[in-house]
Amino acid sequence: MPCGKHFTGRLARSTVPGVKILLIGASGLIGTAVHKTFLDRGHDVLTVGRTSGDLRFDLTDPEQVGALYAAASPVDAVASAAGDVPFKPLADLTADDFRAGFAGKVLSQVELVRQGLPHVSGSFTLITGVLAREPIVAGSVASLANGAVESFVKAAAIEIAPRRINAVSPTVVTEALDAYGDFFPGMPPVDLADVTQAYVRSVEGPLTGQVFIP
Ligand SMILES: NC(=O)c1ccc[n+]([C@@H]2O[C@H](COP(=O)([O-])OP(=O)(O)OC[C@H]3O[C@@H](n4cnc5c(N)ncnc54)[C@H](OP(=O)(O)O)[C@@H]3O)[C@@H](O)[C@H]2O)c1
């Protein structure tokens, strides 16, 4: 916050009103809250899902990611709240489970960035999660996927400027405790309202290469 006798101007608003955002997973638990927050902040949001949203594409298919950008380009920002991974004890996981988790959360989001470069002028925001830093039983595919996406974000950031890229890495959200709370014993949950602010920070703020932990 500027202070002192030399500051004479008015602070500019930090928001970037009216940017066009492609939001993947807008019908999901996190995506619904992020969608509402973006709309409340005056952004123009195009929603994407396999079976929901303004545009219907499956991010696990690189050809469909290309078709998505052909339909939506140009956009200012891309925000992802989508990424499916299987949850099973390690001894029960098959090679196909790992492939499915890697395709569902890592390669899908990598494709959003790789193919998005010619179409996106502002920022990419990807979703990861607490399991990148604190594992739970039966969560090894999610841990692998989240860690991979967070490493990718740091690597991509040094190559895509002036575009920016960040990850949002929540713990279990309060609103999902009924469904998943037993898997996170003693771990404090985070409210969806705080998760949405991490997306706002990524889209509207200046930082890149960050993992935002709401
Ligand atoms: N819930 C939590 O407490 C929590 C905490 C930390 C991290 N996360 C992570 O946040 C992400 C979203 O979680 P959520 O609980 O909000 O999930 P969710 O309620 O199951 O919603 C997932 C959303 O993503 C879309 N989607 C999924 N796969 C897609 C694909 N291949 N292509 C296009 N759209 C796809 C779905 O729409 P369609 O079905 O129409 O495709 C849906 O809109 C996940 O990666 C999860 O691991 C969640």
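Refer to the preceding data block for the structure.
Attention in this report is confined to the structure presented alongside it. None of these values were measured; they are calculated from a predicted model.

With respect to the pattern of salt bridges
On inspection of all chains with the given rule, the structure shows six salt bridges. A salt bridge links Asp-97 to Lys-88; the nearest nitrogen and oxygen atoms lie 2.8 Å apart. A residue is classified by how much of its surface remains accessible, and Lys-88, at 30% relative accessible area, is partly exposed. Across the salt bridge formed by Asp-96 and Arg-99, the nearest N and O atoms sit 2.7 Å from each other. Taken together, the residues span about one helical turn, with Asp-96 and Arg-99 both in helix α3 (residues 95-114) at a distance of three residues. Here Asp-96 and Arg-99 have matching classes, each one exposed.

Examining the packing of helix α1 (residues 29-40) against helix α6 (residues 192-204)
Between α1 and α6, whose axes approach to 9 Å, the crossing angle comes to 60°. The orientation of α1 relative to α6 falls into the category oblique. Considering how the two elements wind past one another, α1 and α6 form a crossing that is right-handed. Within the contact between the two elements, α1 uses Leu-29, Ile-30, Ala-33, Val-34, Thr-37 and Phe-38 and α6 uses Leu-192, Val-195, Thr-196, Gln-197, Tyr-199, Val-200 and Val-203. Residue composition of the contact of α1 with α6, grouped by class: 10 nonpolar, three polar and no charged.

Section: the pairing of strand β1 (residues 20-24)
Where burial is concerned, most of β1 is hidden: four out of the five residues are buried. Following the backbone out of β1, through α1 and into the adjacent parallel strand β2 (residues 44-49), one traces a crossover that is right-handed. Bridge count between β1 and strand β4 (residues 75-80): four bridges; the pairing is parallel. Note on β4: the bridge partner recorded for Ile-24 is Ser-80.

Comments concerning unusual backbone geometry
Residue Ser-73 is joined to Pro-74 through a cis peptide bond whose omega torsion reads -5°. As for its placement among the helices and strands, Pro-74 is situated in the loop between α2 (62-72) and β4. A cis amide bond, omega 10°, links Ala-161 with the succeeding residue Pro-162. Assignment of secondary structure puts Pro-162 in the loop between α4 (140-157) and β6 (164-168).

Re α6
Helix length check: α6 (13 residues) gives 18 Å between terminal C-alpha atoms against 18 Å at 1.5 Å per residue, within 8%. Along α6, the residues that are buried comprise Leu-192, Val-195, Thr-196, Ala-198, Tyr-199, Val-200, Ser-202, Val-203 and Glu-204. Of the surrounding secondary structure, the elements contacted by the buried residues of α6 are β1, α1, β4, β5 (120-127), β6 and β7 (210-212).

Quick word on the pairing of β2
Sheet analysis places β1 next to β2, joined by five bridges and oriented parallel. In the sheet register, Ile-24 faces β2, and the bridge partner there is Val-48. Where β2 and strand β3 (residues 55-56) come together, two bridges link them in parallel fashion. By the bridge assignment for β3, Val-48 is matched with Leu-55.

Reading the values: rules and limits
- Residue positions are counted from 1 within each chain, in the order its sequence is given.
- With pLDDT at 70 or above as the cut-off, local features in this predicted model cover only qualifying residues; side-chain atom pairs require 80 or more to be listed or tallied, and sums for whole chains, interfaces and linings still use all residues.
- Computation of side-chain values: all heavy atoms of the structure, hydrogens and water removed.
- Salt bridges are defined as contacts in which a side-chain nitrogen from Lys or Arg sits within 4 Å of a carboxyl oxygen from Asp or Glu.
- The buried label goes to any residue with under 20% of its type's maximum accessible area, the exposed label to any with over 50%, and the partly exposed label to all in between, with areas taken from a 1.4 Å probe on protein chains only.
- Helix numbers and strand numbers start at the N terminus; a helix is a DSSP run of H or I with at least 4 residues, a strand a run of E with at least 2.
- For helices, the axis comes from a line fit to the C-alpha atoms of the stretch in contact; other axes are also lines fit to C-alpha atoms, and the angle between any two N-to-C directions lies between 0 and 180 degrees.
- Each angle receives one of four descriptions, namely roughly parallel if under 35 degrees, roughly antiparallel if over 145, roughly perpendicular if within 65 to 115, and oblique otherwise.
- Should the near helix be turned anticlockwise from the far one by less than a right angle, the crossing is left-handed, and should it be turned clockwise, the crossing is right-handed.
- Any pair of residues with heavy atoms lying within 4.5 Å of one another is described as a contacting pair.
- Each residue gets one label: Ala, Val, Leu, Ile, Met, Phe, Trp, Tyr, Cys and Pro are nonpolar, Asp, Glu, Lys and Arg are charged, and the others, such as Gly, are polar.
- Orient the strands so they point away from the viewer; a crossover is then right-handed if the path from the first strand over the helix to the second runs clockwise.
- A pair of strands is treated as paired once DSSP finds two or more bridges between them.
- Expected span of a helix: the number of residues minus one, times 1.5 Å.

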